[in-house]
Structure formats: structure tokens, C-alpha cells
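# Analysis of the macromolecular model
Here's the letter readout for the chains.
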Amino acid sequence: MRILVIEDEPKTADYLHQGLSESGYIVDCAATGADGLHLSRQHAYDLVMLDVNLPLIDGWDVLRRIRQNSSTRIMMLTAQGRLADRIKGLDLGADDYLVKPFEFPELLARVRTLMRRSVHSPVPDVLRVADLELDQGRHRAYRGLQRIDLTTKEFALLHLLMRQTGVVLSRTQIISFVWDMNFDCDTNVVEVSIRRLRAKIDDPFEHKLIHTLRGVGYVLEERE
């Protein structure tokens, strides 16, 4: 799941980026309304977290412009907590309104609730390919009856491959979904992560599920 945080206060933006990333989300940040609006048009975000007091274009205007052509879920995250402000945000199309200061567990609970309200086809809580299962709610993976412990990035990578079962994903596509937009694409992080994931879900088992297409990318699927 990819989140855009539009927040001009560096400490708050860093706090959100670290906390959400550690919770398994891919996070991009913008420090101005104009930059946030630009990013929202360049990438498909599952959720936008939006402050009101922003440079160049304020949060109200960003909200209006996003809502003109997008149904992306939007959470207002602002110190403006008057009833009139909350009503204004919801009337302009925000899906949620959280007032600063906030407790991070509450923010995560609201994020999970918003993610469940997808306007797209619902994604099952448990993904299955052959005897491999990924329980998204409990953040666990199983191969047959054997539980497999994964790091946050390994889980995100496996989640991507299983949601796109049968689709060959390039190295660039994997980086864009599993790591944030500022990640150094020249590293071999994808190759290393695929190797580590294979060591856990493929190497101990007879039937292999992750396959490499030389010069193209990677695909997770059941083969005869």
C-alpha cells in the first residue's frame, strides 16, 4: 500500500515516514501543496495524508483539486481542530479528519479502516498461490503447515508478487512498489531481496514458485 504524506513540518513528516514505513507501507513525502498535488497526479496512491497549512497551495485547495478527478482516499491531518474545520474538510471530500497532536496507534487504526473502504475490487485477507499463503491481517506467511517469518520488506515484496500472480514484474516496477520514490535504483537490493525471499519460501520445498526471466524480471506462479 502506497501513502503520500503532504506535510511542511520536517519533524512531523519524518515521524510519519518512519512510523508508516516500519508498519509496512510505502511512503512518499511532499513539503508543499504544489509538490503534493504534482505527486498525486504522477502516482497511484492508496491514501493521501494532507495538512491544511501548507506553502504555495493550502490543504483545502489541494483537497479540492485532487477530488476533481480522483477517488483516492484522503485523511486530513492538521492542527485545525474546530468543528467548522472538520465539517469543511469532510464536505470537501476528505474521508477522515485527524487533529494534531495525535497518538500513532490511532492513526494506524484509521489508516487500516480507510484501506478497507476500497472503491476497487476487494483484496482478500489471505492470498494463496499453490500451498503458499500470505495472511495480511496477521502479517504472516505459510508454506503448507510451516510458518515463515518475514521482515517488513520481504513481506511487502511477497505481497506484491502474490497480488500480481502470473505477471512478470521488472526490477524498476518492484522498486517503485516496495521502496519509496527516492530510493537509489542503482543498488542490487531487488536481487538480494529476491534471493532472501527464495531462501525462505522456495529453497526448503520441492516446488518452486518464484521464477526469473533473464533480462525481464520476476514472477511468482505455480508451474508444472
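Thresholds applied
Residues numbered from 1 in each chain as written. Predicted model: local features only at pLDDT ≥ 70, side-chain atom pairs only at ≥ 80, totals over all residues. Heavy atoms only, no water. Helix = DSSP H or I, 4+ residues; strand = E, 2+ residues; numbered from the N terminus. Buried < 20%, exposed > 50% of the residue type's maximum accessible area, 1.4 Å probe, protein only. Contact = heavy atoms within 4.5 Å. Phe/Tyr/Trp six-rings, centres within 6.5 Å; stacked < 30°, edge-to-face > 60°. Pairing = 2+ DSSP bridges. Axes fitted to C-alpha atoms, helices over the stretch in contact; angles between N-to-C directions.

## Describing unusual backbone geometry
Glycine aside, the phi torsion of most residues is negative, and most peptide linkages are trans. For the peptide bond that leads from Lys 100 to Pro 101, omega is -10°, which places it in the cis range. Looking at where Pro 101 falls in the secondary structure, it is placed in the loop between β5 (96-99) and α5 (104-116). Of note in this structure, Leu 56 is not a glycine but carries a positive phi near 70°. By secondary structure assignment, the location of Leu 56 is in the loop between β3 (47-50) and α3 (59-69).

## Considerations on the environment of Ser 176
Structurally, the position occupied by Ser 176 is in helix α7 (residues 171-178). When its relative accessible area of 29% is taken as the criterion, Ser 176 is described as partly exposed. Note: C-alpha distance between Ser 176 and Leu 98 (78 residues apart in sequence) is 28 Å.

## Structural notes on the side chain of His 159
For His 159, the position within the fold is in helix α6 (residues 152-163). The contact partners of His 159, leaving out residues within four places of it in the chain, are Leu 127, Leu 134 and Gln 136.

## A closer look at the packing of aromatic side chains
Following the criterion strictly, the structure yields two aromatic pairs and no others. With a centroid separation of 6.4 Å and 40° between ring planes, the pair formed by Tyr 15 and Phe 102 is classed as tilted. Taken together, the residues Tyr 15 in helix α1 (residues 10-22) and Phe 102 in the loop between β5 and α5 connect sequence positions 87 residues apart. For Phe 102, a relative accessible area of 15% puts it in the buried group. Ring centres of Tyr 15 and Phe 104 lie 5.5 Å apart, and the angle between their planes is 70°; on these two criteria the pair is classed as edge-to-face. Remark: Phe 104 occurs in helix α5 and Tyr 15 occurs in helix α1; sequence separation between them is 89 residues.

## Here we look at the sheet that holds β3
The five strands are arranged β2-β1-β3-β4-β5 in an open sheet whose pairing can be described as parallel. Looking at strand neighbours, the two that pair on one side only are β2 (26-30) and β5, the edges of this open sheet. Going across the sheet, the axis of each strand differs from the next one's by a mean of 20°, ignoring polarity. Strand direction decides the pairing type here: β3 and strand β4 (residues 73-78), joined by four bridges, are parallel.

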